[in-house]
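# Per-entry structural report
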Amino acid sequence: FLLMKKITKKPNNKNARGSSAQFFVAGELCRRDLVAVVTMGNTPNTDVLCSNVEGTKFVHIQVKTFPPGNQKVTVGMKAEKDFGKNFIWVLAGIPPKEDKSEFVYYIVPSSEVCKNVKKMHLDYISKPGKKGQQRKDSSMRVIFIPPYKDHLGWTIEKYKNRWDIIEDLLK
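Now for a look at the structure at hand. Along each chain, residues carry numbers from 1 onward, in the same order as the chain's sequence is written. Totals for whole chains, interfaces and linings use all residues, but because this is a predicted model, local features are given only for residues with pLDDT of at least 70 and pairs of side-chain atoms are given and counted only at 80 or more. As a rule here, side-chain values cover all heavy atoms of the structure and leave hydrogens and water aside.

### Remarks on a nonpolar patch on the surface
Together, Val35, Val37 and Val53 make up a nonpolar patch on the protein surface, roughly 250 Å² of accessible area in all. By definition, any uninterrupted DSSP run of H or I lasting at least four residues is a helix, any uninterrupted run of E lasting at least two residues is a strand, and each is numbered from the N terminus. The residue Val53 is located in the loop between β2 (48–51) and β3 (58–66) in this model. For Val53, a relative accessible area of 59% gives the class exposed. To count toward a patch, a residue needs a relative accessible area over 30% and no salt bridge; like charges are then connected within 9 Å, while nonpolar side chains (Val, Leu, Ile, Met, Phe, Trp, Tyr) are connected within 5 Å. Only the protein chains shown count as cover for residues, and all accessible areas are computed by the Shrake-Rupley method using a 1.4 Å probe. Salt bridges are defined by distance alone: a side-chain nitrogen of Lys or Arg within 4 Å of a carboxyl oxygen of Asp or Glu. Only protein chains enter the calculation, and the probe is 1.4 Å; a residue is then buried if its accessible area is under 20% of its type maximum, exposed if over 50%, and partly exposed in between.

### Some points on the state of the cysteines
When two cysteine sulfur atoms lie within 2.5 Å, the pair is treated as a disulfide. Applying the stated criterion across every chain yields a total of zero disulfides. The structure places no disulfide on Cys30, whose sulfur is separated from the nearest cysteine sulfur, that of Cys50, by 7.4 Å.

### Description of helix α2 (residues 110–126)
Structurally, the α-helix is built with 3.6 residues per turn, so residues lying three or four positions apart point the same way. Here, expected helix span is obtained from the residue count minus one, scaled by 1.5 Å. The end-to-end C-alpha distance of α2, which contains 17 residues, comes to 24 Å, matching closely the 24 Å that a straight helix rising 1.5 Å per residue would cover. Ser110, Glu112, Val113, Cys114, Asn116, Val117, Met120, His121, Asp123 and Ile125 are the residues of α2 that are buried. Note on definitions: a residue-residue contact is assigned when non-hydrogen atoms from the two residues lie within 4.5 Å. On its buried face, α2 is in contact with β5 (87–93), β6 (104–109) and β7 (141–144).

### Notes on empty space enclosed by the protein
A cavity, in this analysis, means grid points on a 1 Å lattice covering only the protein atoms where a 1.4 Å probe fits yet has no way out; a pocket is instead an open set bounded by protein on both sides within 12 Å along at least five of seven lines, and a residue lines either one if it has an atom within 4 Å of a point. Grid points are joined across faces, edges and corners, and a volume is the space filled by probe spheres set on the points. Considering all chains together, one arrives at one cavity of 30 Å³ or more under this definition. The calculated volume of the largest cavity comes to roughly 40 Å³. In terms of lining, the largest cavity is formed by Met120, Val142, Ile143, Phe144, Asp150, Trp154, Thr155 and Ile156. When residues of the lining of the largest cavity are assigned to their parent elements, the largest contribution, three residues, is made by β7. Split by residue class, the lining of the largest cavity holds six nonpolar, one polar and one charged. Classification convention: Asp, Glu, Lys, Arg as charged; Ala, Val, Leu, Ile, Met, Phe, Trp, Tyr, Cys, Pro as nonpolar; all other residues, Gly among them, as polar.

### Overview of the layout of surface pockets
Approximately 260 Å³ is the volume attributed to the second largest pocket. What lines the second largest pocket is Lys72, Met120, His121, Tyr124, Lys136, Ser138, Met140, Arg141, Val142, Phe144 and His151. The residue makeup of the lining of the second largest pocket, split by class, is five nonpolar, three polar and three charged.

Keep in mind that these numbers describe shape and distance, not what the molecule does.
Structural data, given as C-alpha cells:
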C-alpha cells in the first residue's frame, strides 16, 4: 500500500477572475440603467452585450482582466482590428480577495485600441532585441496600465471609469 503525499497547490484564479470581471462589468452597466448580458463565450469577440432599455441600440464589449498594480494587460491580435464604434474594450482591474485595492475600469473605444496597439507592436518588432537580434512576431499584444505607458507614449489614463462612453452610444 502506497501513501500518497497530498500536494497542495495554490489555485490559479486567473480564469475565475476573468469570468467574474465580465459579471462586474455587466453589473456596473445595469447599475446605470442599461441592459447587460454576459455571453458566457457563446458570442465571438463579445463578452458582454449591452443595450438601452428599449433594446434599440447595442454595444459589444470585450473584457480583459488584470490585477491592479500590474504594468500591462495582454490582449490578442484582435486588438489590432477596429470593430466599429459600437465595440468597446473594458480593461478591468479586479483585485484578488486578499487585496484591498479598489476595482478599476478603463473603457476604451475599439478604434483607439486598434490604432495604438497596432502602431506599438509594429514599432516593437521593427527594432532589434536586447542582443541585437531580430524580434520574432507573436500573436500577443499588450496594453499598458496607468501610470505606465507604452514606449510610444500612449496611455489609457483618460479612459478610467469612462462609462459615459458606453452610455452615450446607447442614447
